[in-house]
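Now for the letters of each chain:
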Amino acid sequence: IAVRDYVAHAVGPEVLTELYAVVADPTELEPDRLPERFVVKPNHASGMIWIVGDEAPSQQLVSDDSTRQTSEIFTTTPDRLDWDMLRAACRRWLSINYADLELEWAYRHIPPRIMVEELLRGPDGHVPPDYKLYVFHGRVRLLEVHTDRFGDHRCNLVGPDWAPVDAQLIYPPAPQAPTRPDSLEKMIHIAETLGKETDFVRVDLYDVDGRIVFGELTSIPGGPYAPGFTPKSFDLELGGYWNLPDQYR
């Protein structure tokens with residue numbers, strides 16, 4: 001929630017999602033004040049999300065992210081949304097101390113909140129591709145391109161020039177290489193602007209029919225349990241861009 005002010009100041013508020021509600025108590029979620037389609041998630045954790053949209057599968061969809069100790073992804077159509085179940089999930093999420101669970105210390109002192117924001121959909125009605133840009137000392141060195149995130153999840157690795165990288169994560173690459181987005185240079189500029197004040201950060205962005213939308217900033221992609229890249233030599237190559245400071249302030 002707090003990062004929204006940083007992003008708005010650095011690159012402009014137009015890249016932010018529309019935020020419908022922020023509550024500390026799930027009973028404060030009021031259906032009449034929310035649109036038909038939206039996304040619910042906690043601000044102090046990862047891998048927990050409830051999507052309310054038209055193309056939800058008939059059953060609960062569980063996250064395929066095997067690196068997370070706790071992952072809950074639910075999808076529901078607006079007409080089948082059970083508000084009691086949604087609020088119960090929110091209470092469960094709020095009770096989790098993510099810093100202890102995933103060993104990511106930066107989460108520890110974030111006041112737990114539930115946030116409700118707009119549901120992003122591409123022109124075809126599906127979740128748009130997710131671009132994750134690795135920024136080392138203010139320069140983008142790698143992009144992950146995630147497609148069909150809540151279905152047949154695929155991930156292609158490319159350089160900032162869109163040349164394919166011969167490595168992969170736990171998700172297999174798409175059979176057909178993703179098309180270079182017209183907004184690539186703009187996304188790289190946004191990512192490098194957001195990452196210029198630190199030695200490393202991953203900047204997540206979406207391109208929704210030409211509209212660039214901010215996702216998140218993370219200093220620990222995948223968390224401490226993530227298996228990393230294959231082959232392992234690529235981990236070393238990528239790490240070569242990272243010059244650790246002698247001391248962090």
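Each remark here, short or long, concerns the structure printed above.
Residues numbered from 1 in each chain as written. Predicted model: local features only at pLDDT ≥ 70, side-chain atom pairs only at ≥ 80, totals over all residues. Heavy atoms only, no water.

> Help me understand the overall build of the protein chain, please; the structure alone is not making it clear to me.
When its secondary structure is counted, the protein chain shows 5 helices and 10 strands. The C-alpha atoms of the protein chain give a radius of gyration of 18 Å, which matches the 18 Å a tight globule of 249 residues would have. Classification of the 249 residues of the protein chain by burial places 46% in the buried group. At a minimum sequence separation of 6, the contacts of the protein chain that also span at least 24 residues come to 60%. For the protein chain, the accessible surface area stands at approximately 13400 Å², while carbon and sulfur atoms represent 50% of it. Between the centroid of the 24 positive side chains of the protein chain and the centroid of its 40 negative side chains there is a distance of 3 Å. (Helix = DSSP H or I, 4+ residues; strand = E, 2+ residues; numbered from the N terminus. Rg over C-alpha atoms; globule rule 2.2 N^0.38 Å. Buried < 20%, exposed > 50% of the residue type's maximum accessible area, 1.4 Å probe, protein only. Contact = heavy atoms within 4.5 Å. Areas by Shrake-Rupley, 256 points an atom, 1.4 Å probe, with all protein chains shown as cover. Lys, Arg positive; Asp, Glu negative; His and termini not counted. Charge placed at Lys NZ, Arg CZ, Asp CG, Glu CD.)

> It is not clear to me how the sheet that holds strand β8 (residues 154-158) should be interpreted in this structure. Could you clarify?
Neighbouring strands of a sheet are bound in pairs by backbone hydrogen bonds; such pairs are parallel or else antiparallel. With respect to topology, 5 strands assemble into an open sheet ordered β8-β7-β6-β9-β10, the strand pairing being antiparallel. One side of each edge strand has no neighbouring strand; the edge strands of this open sheet are β8 and β10 (211-218). Taking the axes of each pair of neighbouring strands and ignoring which way they run, one obtains an average angle of 25° across the sheet. Here strand β9 (residues 200-208) runs beside β10; their pairing, made up of 7 bridges, is antiparallel. Residue Leu 205 lies in a different strand from β10, and its bridge partner there is Phe 214. (Pairing = 2+ DSSP bridges. Axes fitted to C-alpha atoms, helices over the stretch in contact; angles between N-to-C directions.)

> How should the sheet that holds strand β1 (residues 19-23) be read in this particular structure?
Overall, mixed pairing links the 5 strands, which are arranged β1-β5-β2-β3-β4 in an open sheet. Edge positions in the sheet fall to β1 and β4 (72-76), since each of these pairs with one other strand and no more. The mean inter-strand angle of the sheet, taken between neighbouring strand axes irrespective of direction, is 15°. By the bridge criterion, 4 bridges tie β1 to strand β5 (residues 114-117) in an arrangement that is antiparallel. Looking at the pairing, Ala 21 lines up with Val 116 of β5.

> Help me understand a nonpolar patch on the surface, please; the structure alone is not making it clear to me.
There is a patch of nonpolar side chains on the surface, built from Trp 242, Leu 244 and Tyr 248 and spanning about 340 Å² of accessible area. Relative to the helices and strands, Leu 244 resides in the segment after α5 (232-239). Among the residues examined, Leu 244 registers a relative accessible area of 57% and is labelled exposed. (Patch = residues over 30% accessible without salt bridge, like charges linked within 9 Å, V, L, I, M, F, W, Y side chains within 5 Å. Salt bridge = Lys/Arg side-chain N within 4 Å of Asp/Glu carboxyl O.)

> What should I look at first to understand unusual backbone geometry in this one?
With the exception of glycine, the majority of residues adopt a negative phi angle, and the majority of peptide bonds are in the trans configuration. Cis geometry is found at the peptide bond from Thr 230 to Pro 231, where omega equals 0°. Here Pro 231 shows up in the loop between β10 and α5. With a phi angle near 55°, Asp 209 is a residue other than glycine that sits in the positive phi range. Considering the arrangement of structural elements, one finds Asp 209 in the loop between β9 and β10.

> Help me understand helix α2 (residues 83-94), please; the structure alone is not making it clear to me.
Think of an α-helix as turning once every 3.6 residues; residues three or four places apart then point the same way. In a regular helix each residue adds 1.5 Å, so 12 residues correspond to 16 Å; α2 covers 16 Å between its end C-alpha atoms and thus fits that length. Along α2, the residues classified as buried are Trp 83, Leu 86, Arg 87, Ala 89, Cys 90, Trp 93 and Leu 94. For α2, the buried positions fall inside an angular range of 155° around the axis, keeping them on one side. Away from its buried face, by an angle of more than 90 degrees, α2 presents the exposed residues Asp 84 and Met 85. Tucked inside the fold, the buried residues of α2 contact β2 (38-42), β3 (48-52), β4 and β5. Among the residues of α2, the N-terminal cap falls to Asp 82, whose side-chain oxygen and the backbone nitrogen of Asp 84 are separated by 3.0 Å. (Expected span 1.5 Å × (residues − 1). Arc of directions from axis to C-beta. Polar contact = N/O pair within 3.5 Å; in protein donor to acceptor, adjacent residues only side chain to side chain.)

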